[in-house]
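# Examination of the molecular architecture
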Amino acid sequence: MSLLKVTSPHASGQSRVSAVMRDVLVATVPGVLVLTGYFGPGTLINIILGGLVAIAAEYAVVAMRGRDPRVAVSDLSVLVTSTLLCIALPPYAPWWLIAIGVLTSVLLGKQVFGGLGYNPFNPAMVGYVVLLISFPVQMSAWAPPRGLAEVPGLGDTLRHVFAPTTIDAVTAATPLDLLRQNTGLLFDDLLRTSAELTSWGGIGWFEANLAFLVGGIWLLYRRVFTWHAPIAMLVALAVCALMGYDGGSSESGGSALFHLFSGATMFAAFFIITDPVSSAVSNRGRLIFGALIGALIYLIRTLGNYPDAVAFAVLILNFCAPFIDHYTQPKVYGTGKAGSKET
Amino acid sequence: MRTVHDIHGGIHPPERKALSRPGELTDAPIPPQLVMPLRQHLGVPAQPTVEVGDTVLGDQQIAAAQGVMSVPVHAPTSGTVVAIESRPIAHASGLEDQCIVIETDGHHRCLDAVGTDDWRALDAITLVERIREAGIAGMGGAGFPTAVKLSPGPERPIETLLINGTECEPYITADDTLMQCHADELIEGAQILAHVVSADAILIGIEDNKPGAIAAVEAAIARADADIELATFPTKYPSGGEKQIIEILTGQQVPSGGIPADIGLVCVNPGTAVAAKRAIIDGKPLTHRIVTLTGEALKNPQNVSACLGTPITALMAHAGLNAIAPQRVIHGGPMMGFAVSNLQAPITKITNCLLAPTATELPVPEPAKPCIRCGHCAEACPASLLPQQLYWYARAKDQEQLAEHRLFDCIECGACAYVCPSQIPLVQYYRAAKGQIRDSEQEKRRSDNSRGRFEARQARLETEAAAREAKRAARKAAAQSKADAEGADPIQAAIERAKARKADQDKEPEQTS
């Protein structure tokens, strides 16, 4: 009888990388549905198109590197990257914008470093920032929500994506744009005069944030990640917004509620900064990591040139993650004072 | 009621303990041949005291302890020594080791045992010596010589003797069975050990998934009317690690690199306590132990009391091993045990479990995927390490960072690898890294030694040269001073004598011409 030589442990738990990635994809469903409901099928087209490009790119690169491309693609991580990027892109973005963004994410964000697990930066945010800097016009062309304008049908959507000529027809300022551009109105007056704004963030945006929050809570329940980074980010953002609210003058940074449920806040908190590869590793480290991202998002939103700030804040903190790790090593068993109580 | 503390991390793998029916104990048959390894403990192997052809009786010593970190080996039954040679042993390395092979005669004739009930009258040194002579080494798995553990020295006063009845690994029920079947002996053994280390208190800790053992030990404490505390705590792996159970029951942590005695504790396995009782009161050495035979590849999973030295294959046959099904036989549990490489290897003092799983029960590990730093391993680590960082540094062979991240505080429990979604064999990396660091430390010691020797030789040569120089100088000085004493330079004198002689010779021709 031949005996198998393997070392301990012989038992293993149920957790698998592909299952984790699948959970993340499933958790985006409510948010994607809400975005589709309010802004039309643009986001869905983004995700499908981006997914195809991403799989093709990952397959080709991994094959060129002499590894088994089916193994790499089957861990679903590349689909997570492309899906997250495509959710962040404006609906009805031209096809080439999606392709460039996804290729940047997969190739420059991930594969040049050695693929899954080796990327120092969040690949989706790398793609996003490259697009934001290179194609600011297309990247700021977000669609108006249902109720304020007619939402295009599938045919129109496909025309926008593959024959992008009539870009202005589906463009409107986002709530964060409006806040950014506001110069003379009190915050409350701004909310009253702009149809797309509500005190909860804005039509469609509030609902989308809520949907991503629901997906995030489900991921917490599935123990895909811990609460530390998302909660720290949301608390830091809320605290900063409270401090910068100044009673709602024309210089106001906007209310805490507005910031929590506007732009990419919930999406960032539960889907972007929770990327384990590029974040800090210990729970204490993730608290600091999340809180600094929250604070940076507020600062860039209110003081910077870009209306939303998630991508920049995340990339900057990706730089800091190893540094945070160095200073947040947990206290190892038995390294306290002799016989001391556990702290 | 004692406050139970929680430890960091831990996991809850399926327990599978009911499979081997804890609490039921039978004797395994005596096999035709017993293979007694000379090293069944941690430390120096024992020295054979018998020769090939000798007839031995049960309980007779067949190999003697060599020094402090060693314990003797005794024959479990009567028979003839047929070989003293290298045989396969149950060890993670798969290597062979020296064994005494006994052909059993089936009569089971034993030496007359001399024990004592009046052990309280004996001093600690006598009792420790008897425990060593009985061949007792820690029966929880490490095989640390018990006599050494019981001698922490006067600088480490012991407050509490802790009996670790946790048995947190899945599948294993040997300690559970022992506590159910031999609870009275356990209590007596605990009292003896407490007397030996002069402990004020005895504490028995059992995980709450063993109601049978808890009831049996509780009843035995009541019967003995002993001042012994029984503490139960929630089931979680690896609560049974020595450092972990100490933190759970006392809230204190054993200092890194230290031993429990540093904080006034001696912690032993229940099997060790029972063995101590039998050694002192019954005068019987350690020759048998309880082994859990389990796994779905066995027809009759069970606990047996087996002779040490029984080949694994005999026990597997006894439990009805389905020869086709198992793809490995694990010595120990599924978390920390190792796969046996040869079923002819015998069981030893540390064999608490033989696990024969089917391929569906414990599947072959999948190929590892890249680490995604999810951090589940750090959450599971009972030592509060950062396993994923250790993994990166182990791969990079960065010994400085490995030390910085305290690799040597890893107890190799396997909780990190268990939860890893990428199925990375993390513990394997840590073991390899520890081995490399030990090697390079040894290498450094060796090179330090030879540098030391070289420098010592240089220094010696220099001293010798200096001594020679000094001698020469001294001789010169002595000659000088002698000349000074005579008032004239001897060389000058010699020259003058020569001149005088030459002058005489010069004169002579004139006289002759």
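Residues numbered from 1 in each chain as written. Chains lettered and ligands numbered in written order. Predicted model: local features only at pLDDT ≥ 70, side-chain atom pairs only at ≥ 80, totals over all residues.

## So, the overall build of chain B
Helix and strand counts for chain B come out as 14 helices and 17 strands. What you see for chain B is a C-alpha radius of gyration of 34 Å, clearly larger than the 24 Å of a compact globule of 513 residues, by over 25%. Seen along its three principal axes, the alpha-carbon backbone of chain B occupies a region of about 135 × 65 × 50 Å. In chain B, buried positions account for 51% of the 513 residues. Put simply, of all contacts in chain B between residues at least 6 apart along the chain, 74% involve residues at least 24 apart. (Helix = DSSP H or I, 4+ residues; strand = E, 2+ residues; numbered from the N terminus. Rg over C-alpha atoms; globule rule 2.2 N^0.38 Å. Buried ≥ 20, exposed ≤ 12 C-beta atoms within 10 Å, placed from the backbone. Contact = placed C-beta atoms within 7 Å.)

## Looking at the overall build of chain A
When you go through chain A residue by residue, the secondary structure sums to 17 helices and zero strands. In terms of overall dimensions, chain A is globule-like: its C-alpha atoms have a radius of gyration of 21 Å, near the 20 Å expected for 343 residues. Oriented by its inertia axes, the alpha-carbon framework of chain A measures out at about 75 × 50 × 30 Å. Counting the 343 residues in chain A, one finds 53% classified as buried.

## Comments concerning the sheet that holds strand E11 (residues 228–233) of chain B
All names here are of chain B. The strand order across the open sheet formed by four strands is E11-E10-E9-E12, and the pairing between neighbours is parallel. The open sheet is flanked by E11 and strand E12 (265–268), the only strands paired with a single partner. Direction aside, the axes of adjacent strands within the sheet are offset by 25° on average. Summarising the sheet, strand E9 (residues 160–165) and strand E10 (residues 201–207) pair through six bridges and their orientation is parallel. Counted as the bridge partner of glycine 165 is isoleucine 206 from E10. (Pairing = 2+ DSSP bridges. Axes fitted to C-alpha atoms, helices over the stretch in contact; angles between N-to-C directions.)

## Observations concerning the sheet that holds strand E7 (residues 79–88) of chain B
Residue and element names in this part refer to chain B. Taken in spatial order, the four strands line up as E2-E8-E7-E4 in an open sheet, and their pairing is antiparallel. The two strands at the open ends of the sheet, each matched to only one other strand, are strand E2 (33–37) and strand E4 (55–56). Of the pairings in the sheet, the one linking E4 to E7 comprises two bridges and is antiparallel in character. Each bridged residue has a counterpart across the sheet, and for valine 56 the counterpart in E7 is glycine 79.

## With respect to the confidence of the model for chain B
With 97% of its residues at a pLDDT of 70 or more, chain B shows a mean pLDDT of 91. Here the prediction assigns the complex a pTM of 0.85, and the interface score ipTM is 0.84. (pLDDT = per-residue confidence, 0-100.)

## Regarding unusual backbone geometry
Following serine 8 of chain A, the chain continues into proline 9 of chain A via a peptide bond in cis, with omega recorded as -5°. Residues tyrosine 237 of chain B and proline 238 of chain B are joined by a peptide bond in cis, for which omega reads 0°. On the secondary structure map, proline 238 of chain B appears in the loop between E11 and helix H6 (242–250). Backbone geometry at arginine 223 of chain A places phi at a positive 60°, although glycine is not the residue there. Relative to the helices and strands, arginine 223 of chain A is located in the loop between helix H12 (205–221) and helix H13 (228–244).

## Here's the deal with the environment of glutamine 253 of chain B
Relative to the assigned elements, glutamine 253 of chain B resides in the loop between H6 and E12. Separated by 108 residues in the primary sequence, glutamine 253 of chain B and glutamate 361 of chain B place their C-alpha atoms 36 Å from one another.

## Some remarks on the domain arrangement of chain A
For an interface, size is often stated in terms of accessible area lost upon the parts coming together. Residue and element names in this part refer to chain A. Partitioning chain A into domains gives domain 1 (15–172) and domain 2 (173–327). The centre of domain 1, based on its C-alpha atoms, is set 21 Å off from the matching centre of domain 2. Put simply, the parts of the chain that give the side of domain 1 that touches domain 2 at least two residues each are helix H1 (17–27), helix H2 (29–39), helix H5 (77–88) and helix H7 (123–134). With seven residues, H2 is the largest single contributor of residues to the side of domain 1 that touches domain 2. In terms of residue class, the side of domain 1 that touches domain 2 is made up of 23 nonpolar, six polar and one charged. (Domains from an automatic or database assignment. Nonpolar A, V, L, I, M, F, W, Y, C, P; charged D, E, K, R; others polar.)

## A few points about the interface of chain B and chain A
Across the contact, 56 residues belong to chain B and 37 residues belong to chain A. Those elements that provide at least two residues to the side of chain B that touches chain A are H6, strand E16 (338–339), helix H9 (376–380), helix H10 (387–395), helix H12 (415–419) and helix H13 (426–486) of chain B. Tallied by class, the residues present in the side of chain B that touches chain A amount to 31 nonpolar, 17 polar and eight charged.

## Thoughts on the pairing of E7 of chain B
Both E7 of chain B and strand E8 (residues 96–104) of chain B contribute to a ladder of nine bridges, which runs antiparallel. By the bridge assignment, proline 88 of chain B is partnered in E8 of chain B with glutamate 96 of chain B.

## Examining the nonpolar core
With 131 residues, the main nonpolar core has Met233 and Ile272 of chain A as its most contacted residues. Discounting chain neighbours no more than four positions away, the residues touching isoleucine 272 of chain A are Leu84, Asn122, Ala124, Met125, Phe267, Val310 and Val314 of chain A. Counting residues in hydrophobic clusters, the runner-up holds 106 residues, among them Ala46, Ile204, Ala279 and Leu355 of chain B. (Core = buried A, V, L, I, M, F, W, Y, C linked by C-beta atoms within 7 Å.)

## Examining the pairing of E12 of chain B
Residue and element names in this part refer to chain B. Burial along E12 is two-sided: Leu265 and Cys267 facing one way and Val266 and Val268 facing the other are all buried. By the bridge criterion, four bridges tie E9 to E12 in an arrangement that is parallel. Within E12, the residue paired with leucine 161 across the bridge is valine 266.

## A closer look at the domain arrangement of chain B
Residue and element names in this part refer to chain B. The domains assigned to chain B are domain 1 (18–30 + 121–331) and domain 2 (368–513). Taking only C-alpha atoms into account, the centre of domain 1 sits 48 Å from that of domain 2. Between domain 1 and domain 2, the contact holds six residues from the first and five residues from the second. Its residues assigned to classes, the side of domain 1 that touches domain 2 shows two nonpolar, three polar and one charged.

## Some thoughts on the packing of H2 of chain A against H12 of chain A
In helix packing, the relevant descriptors are the interaxial angle and the interaxial distance, both defined with respect to the helix axes. All names here are of chain A. Viewed as axis vectors pointing N to C, H2 and H12 meet at an angle of 165°, and their least axial separation amounts to 7 Å. It follows that H2 is roughly antiparallel to H12 by the angle criterion. Of the two elements, H2 crosses H12, and the hand of that crossing is right-handed. On H12, the residues that touch Pro30, Gly31, Leu33, Val34, Leu35 and Tyr38 of H2 are Glu207, Ala208, Ala211, Phe212, Val214 and Gly215. (Parallel < 35°, antiparallel > 145°, perpendicular 65-115°, else oblique. Left-handed = near helix turned anticlockwise from the far one by under 90°.)

## Some remarks on the confidence of the model for chain A
On average, chain A scores 86 in pLDDT, and the residues at 70 or more come to 92%. Counting contacts from residues 338–343 of chain A, a segment whose pLDDT is below 50, to residues more than four positions away or on other chains yields 13 contacts.

## Focus: the packing of helix H16 (residues 283–303) of chain A against helix H17 (residues 310–327) of chain A
Residues and elements named next belong to chain A. It is the contact of H16 with H17, at a shortest axis distance of 9 Å, that shows an interaxial angle of 150°. Considering their axes alone, H16 and H17 lie roughly antiparallel with respect to each other. H16 and H17 meet at a crossing whose hand is right-handed. Taking contact as the criterion, the partners of Gly285, Ile288, Phe289, Leu292, Ile293, Leu296, Ile297 and Ile300 in H16 are, on H17, Val310, Phe312, Ala313, Val314, Ile316, Leu317, Ala321, Ile324 and Asp325. Across the contact of H16 with H17, the residue classes tally to 15 nonpolar, one polar and one charged.

## Regarding the environment of valine 332 of chain A
In this fold, valine 332 of chain A is placed in the segment after H17. Not counting residues within four places of it along the chain, the set of residues in contact with valine 332 of chain A comprises Ser256, Ala383, Ser384, Leu385, Arg406 and Asp409 of chain B.

## Some thoughts on H13 of chain A
All names here are of chain A. For H13, built from 17 residues, the straight-helix expectation of 24 Å at 1.5 Å per residue is met to within 8% by its first-to-last C-alpha distance of 24 Å. Restricting attention to buried positions, one finds in H13 the residues His228, Ala229, Pro230, Ala232, Met233, Leu234, Ala236, Leu237, Cys240 and Ala241. Where H13 is buried, its residues contact H12, helix H14 (256–260), helix H15 (265–272) and H16. Positioned one or two residues after H13, aspartate 246 has a phi angle of 45°, which is positive. (Expected span 1.5 Å × (residues − 1).)

## Points about the environment of alanine 309 of chain A
All names here are of chain A. Summarising the element assignment, alanine 309 is placed in the loop between H16 and H17. Linking alanine 309 and leucine 296, residues 13 residues apart in sequence, is a C-alpha distance of 7.7 Å. Discounting chain neighbours no more than four positions away, the residues touching alanine 309 are Leu296, Ile297, Ile300, Arg301 and Gly304.

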